[in-house]
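Structure at a glance
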Amino acid sequence: MNAVYEPWSAARCTEIIASHSHVEGGVIVILHAIQDAFGYVPEPAVPMIAEARNLSRAEIHGVFTFYHDFRHEPAGKHVLKICRAEACQAAGGDALAARAEQKLGVKLGNTTADDRVTLEPIYCLGLCATAPSAMLDGRLVGRLDEKRMDALVAEAQR
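A brief look at the structure comes next. Because the structure is a prediction, the values reported are computed rather than measured. (Residues numbered from 1 in each chain as written. Predicted model: local features only at pLDDT ≥ 70, side-chain atom pairs only at ≥ 80, totals over all residues. Heavy atoms only, no water.)

Bringing the pairing of strand 3 (residues 117–122) into the picture now. Of all six residues that make up strand 3, five are buried, and the element is covered over most of its length. Pairing analysis gives six bridges linking strand 1 (residues 78–83) to strand 3, with the strands arranged parallel. Within the sheet, the bridge partner assigned to H78 lies in strand 3 and is V117. Counted along the chain from strand 2 (residues 110–111) to the antiparallel partner strand 3, the turn is five residues long, and its residue D115 has a positive phi close to 60°. (Buried < 20%, exposed > 50% of the residue type's maximum accessible area, 1.4 Å probe, protein only. Helix = DSSP H or I, 4+ residues; strand = E, 2+ residues; numbered from the N terminus. Pairing = 2+ DSSP bridges.)

Among the structural elements, D137 can be located in the loop between strand 4 (134–136) and strand 5 (139–141). Separated by 122 residues in the primary sequence, D137 and E15 have C-alpha atoms spaced 27 Å apart. In this structure the side chain of D137 is engaged in a polar contact, spanning 2.8 Å, whose partner is the backbone nitrogen of V79. (Polar contact = N/O pair within 3.5 Å; in protein donor to acceptor, adjacent residues only side chain to side chain.)

Moving on to the environment of L127. Mapped onto the secondary structure, L127 falls in the loop between strand 3 and strand 4. Its relative accessible area of 22% is what places L127 among the partly exposed residues. Along the backbone, L127 and V141 are 14 residues apart, and their C-alpha atoms lie at a distance of 8.7 Å. With sequence-adjacent residues up to four places away left out, L127 is seen in contact with S133, L140 and V141. (Contact = heavy atoms within 4.5 Å.)

With an omega dihedral of -5°, the bond running from A131 to P132 counts as a cis peptide bond. Relative to the helices and strands, P132 is located in the loop between strand 3 and strand 4. Even without being a glycine, N54 presents a positive backbone phi close to 55°. Mapped onto the secondary structure, N54 falls in the loop between helix 3 (45–53) and helix 4 (57–66).

We now examine helix 3. The set of residues buried in helix 3 consists of A45, V46, I49, A50 and R53. Buried positions in helix 3, seen along its axis, are confined to an arc of 135° and lie on one side of it. Residues of helix 3 that are buried make contact with helix 1 (10–19), helix 2 (27–38) and helix 4. Among the residues trailing helix 3, N54 stands out with phi positive, at a value near 55°. (Arc of directions from axis to C-beta.)

Closest axis-to-axis distance for the helix 1/helix 2 pair is 9 Å, and the angle between their directions is 140°. In this structure, helix 1 meets helix 2 at a crossing whose hand is right-handed. Contacts between helix 1 and helix 2 involve R12, C13, I16 and I17 from the first element and I30, A33, I34, A37 and F38 from the second. When the residues that make up the contact of helix 1 with helix 2 are grouped by side-chain class, the tally is eight nonpolar, no polar and one charged. (Axes fitted to C-alpha atoms, helices over the stretch in contact; angles between N-to-C directions. Left-handed = near helix turned anticlockwise from the far one by under 90°. Nonpolar A, V, L, I, M, F, W, Y, C, P; charged D, E, K, R; others polar.)

Turning to a nonpolar patch on the surface, a few remarks are in order. Among the surface-exposed residues, I28, F66 and Y67 lie close enough to one another that they form a single nonpolar patch of about 290 Å² accessible area. Considering the arrangement of structural elements, one finds F66 in helix 4. (Patch = residues over 30% accessible without salt bridge, like charges linked within 9 Å, V, L, I, M, F, W, Y side chains within 5 Å. Areas by Shrake-Rupley, 256 points an atom, 1.4 Å probe, with all protein chains shown as cover. Salt bridge = Lys/Arg side-chain N within 4 Å of Asp/Glu carboxyl O.)

Checked against the element boundaries, E101 lands in helix 5 (residues 86–104). The class for E101 is buried, based on a relative accessible area of 17%. Residues within four places of E101 in sequence aside, it is in contact with V106, K107, L108 and L119.

Coordinates in, geometry out; function isn't part of it.
Printed below as a string of structure tokens:
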């Protein structure tokens, strides 16, 4: 992953929104494009999307908050997502999530002080048969145990 993002620019955001004007009901597409460009969806983008789509800010906020992948702040250099769905919990995921939190010194949903790792919950990676599972920078990892979780955390800290 290690993406390099553009600095926030209202002009660039306007370009992104305009480039998706042909997509019917494209709020999700626009939010993804903005996050792909800037690494997050800055708060000033919400009223810009609302105006362009003739929707209320509340409607845009509703879409933003419904989907867990959207952020209001930039993520760390690496993103470690730990599955919190029932199958992973039943296979020991709670203890592994706590272990990752302890090793990184942050709770789920936060970024380390050095901006190196963002630790996020995710609600099903579709790897129930290989639970517990996680994703590091888009790479799926199943059959986690303490040793494999420690290795993922160490990799993310590099």
